[in-house]
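# Understanding the architecture of this molecule
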Amino acid sequence: CIRDRRQIEALFGPNIDRVRSDPSNDDTNLIREVRSIPDADSRRPTFFYLHLMSTHWFGVQHRDHQRYQPTAERFDWLFDVKRVLASKAVRAGLRQRVVNRYDNSVLQADAVIERLFAALDKKGFLDDAIVVVTADHGEALGERGEDHYGHGVDLYQELIEIPAAVRVIEARPSAPMAMRPRR
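The structure contained in this document is the topic of the report that follows. (Residues numbered from 1 in each chain as written. Predicted model: local features only at pLDDT ≥ 70, side-chain atom pairs only at ≥ 80, totals over all residues. Heavy atoms only, no water.)

### Focus: the packing of helix H2 (residues 27-36) against helix H4 (residues 88-122)
As a reminder, the rule being used: Orientation is described by axes fitted as lines to C-alpha atoms, over the contacting stretch for helices, and by angles from 0 to 180 degrees between their N-to-C directions. Helix and strand assignments come from DSSP, with helices taken as H or I runs of at least 4 residues and strands as E runs of at least 2, each series counted from the N terminus. Oblique is the label for every angle not falling under 35 degrees (roughly parallel), over 145 degrees (roughly antiparallel), or within 65 to 115 degrees (roughly perpendicular). Note on definitions: a residue-residue contact is assigned when non-hydrogen atoms from the two residues lie within 4.5 Å. The classification used treats Ala, Val, Leu, Ile, Met, Phe, Trp, Tyr, Cys and Pro as nonpolar, Asp, Glu, Lys and Arg as charged, and all other residues, Gly among them, as polar.
Contact geometry for H2 and H4: axes closest at 9 Å, N-to-C directions at 5 degrees. The orientation of H2 relative to H4 falls into the category roughly parallel. Together, Asp-27, Leu-30, Ile-31, Val-34 and Arg-35 of H2 and Val-112, Arg-115, Leu-116, Ala-119 and Leu-120 of H4 make up the contact between the two elements. Taken together, the residues of the contact of H2 with H4 break down into seven nonpolar, no polar and three charged.

Have a look at this one:
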């Protein structure tokens, strides 16, 4: 994971305006950061990479997105111990708590994306844009047995089959395309 501005500049050059790392893993701070940037400048292309933490185990989940209950707690380090020592019925309950937590996190990520789009639109960044929304990985939720939770080791479909959505939002040209000046 690259967190240092110098590492990013070494990869992409010196034209990096902002690099932020949020140790709280709270996507609300990401929304706040996007709202704080200056409005779009149509003379300057802009690239954003926004990484949500809502669906990650360490991501902060807010109460207003906790539709599915009961849910596993953040930082439940004893989950593996509880699972191994528990009866079959208790293990099933633990799995459901993890599934509910993940489902709630997807609801929250969806709401965060909606708020990010609203903030970017308000600042004029979506007037002429290519937007890609994707995931960094999938998540195993016990579908293949009690030892398959999380990600990072296996290559099962639930881990590698990730969503990707691309949308091109073009500015409305005032002249035919052939007559538009090049940027």
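### Points about the nonpolar core
The test is simple: The term nonpolar core refers to a set of buried residues drawn from Ala, Val, Leu, Ile, Met, Phe, Trp, Tyr and Cys, joined through side-chain atoms within 4.5 Å. Burial here depends on accessible area, computed with a 1.4 Å probe over protein chains only, as a share of the maximum for the residue type. Under 20% is buried, over 50% is exposed, and the range in between is partly exposed.
Core analysis: the biggest nonpolar cluster contains 14 residues, and Val-34, Leu-52, Val-112, Leu-116, Leu-120 and Leu-126 have the highest contact counts within it. Among the elements of the structure, H2, H4 and strand S1 (129-134) are those that each provide at least two residues to this core. Counting residues per element, this core draws most heavily on H4, at five residues. If we skip the residues at most four places from it in the chain, Val-34 touches Leu-50, Leu-116, Ala-119, Leu-120 and Lys-123.

### Digging into the side chain of Lys-123
Within the secondary structure, Lys-123 sits in the loop between H4 and S1. Apart from the residues lying within four places of it in its own chain, the contact partners of Lys-123 are Val-34, Arg-35, Ser-36, Ile-37, Pro-38, Asp-39 and Ala-40.

### Some remarks on H2
Which entries qualify depends on this criterion: Note: the arc covers the axis-to-C-beta directions of the helix. The definition of a polar contact used here is a pair of N or O atoms within 3.5 Å, where within protein one atom must be able to donate a hydrogen and the other to accept one, and adjacent residues in sequence count solely through side-chain atom pairs.
For H2, the set of buried residues is Asp-27, Leu-30, Ile-31 and Val-34. Buried residues of H2 fall within an arc of 100 degrees about the axis and therefore sit on the same side. A distance of 3.0 Å separates the backbone nitrogen of Thr-28 from a side-chain oxygen at the start of H2, and that oxygen is part of Asp-26.

### Re the pattern of salt bridges
What counts here: Salt bridges are defined by distance alone: a side-chain nitrogen of Lys or Arg within 4 Å of a carboxyl oxygen of Asp or Glu.
Applying the stated rule across the entire model yields three salt bridges. The closest approach of N and O atoms between Lys-123 and Asp-39, which form a salt bridge, is 3.4 Å. Taken as a pair, Lys-123 in the loop between H4 and S1 and Asp-39 in the loop between H2 and helix H3 (79-85) lie far apart in primary sequence, 84 residues in all. Residue classification places Lys-123 among the buried positions, given a relative accessible area of 16%. Between Glu-158 and Arg-144 there is a salt bridge; the shortest N-O distance is 2.8 Å. Taken together, the positions of Glu-158 in helix H5 (residues 157-160) and Arg-144 in the loop between strand S2 (140-141) and strand S3 (149-150) put the pair 14 residues apart, joining distant regions of the chain.

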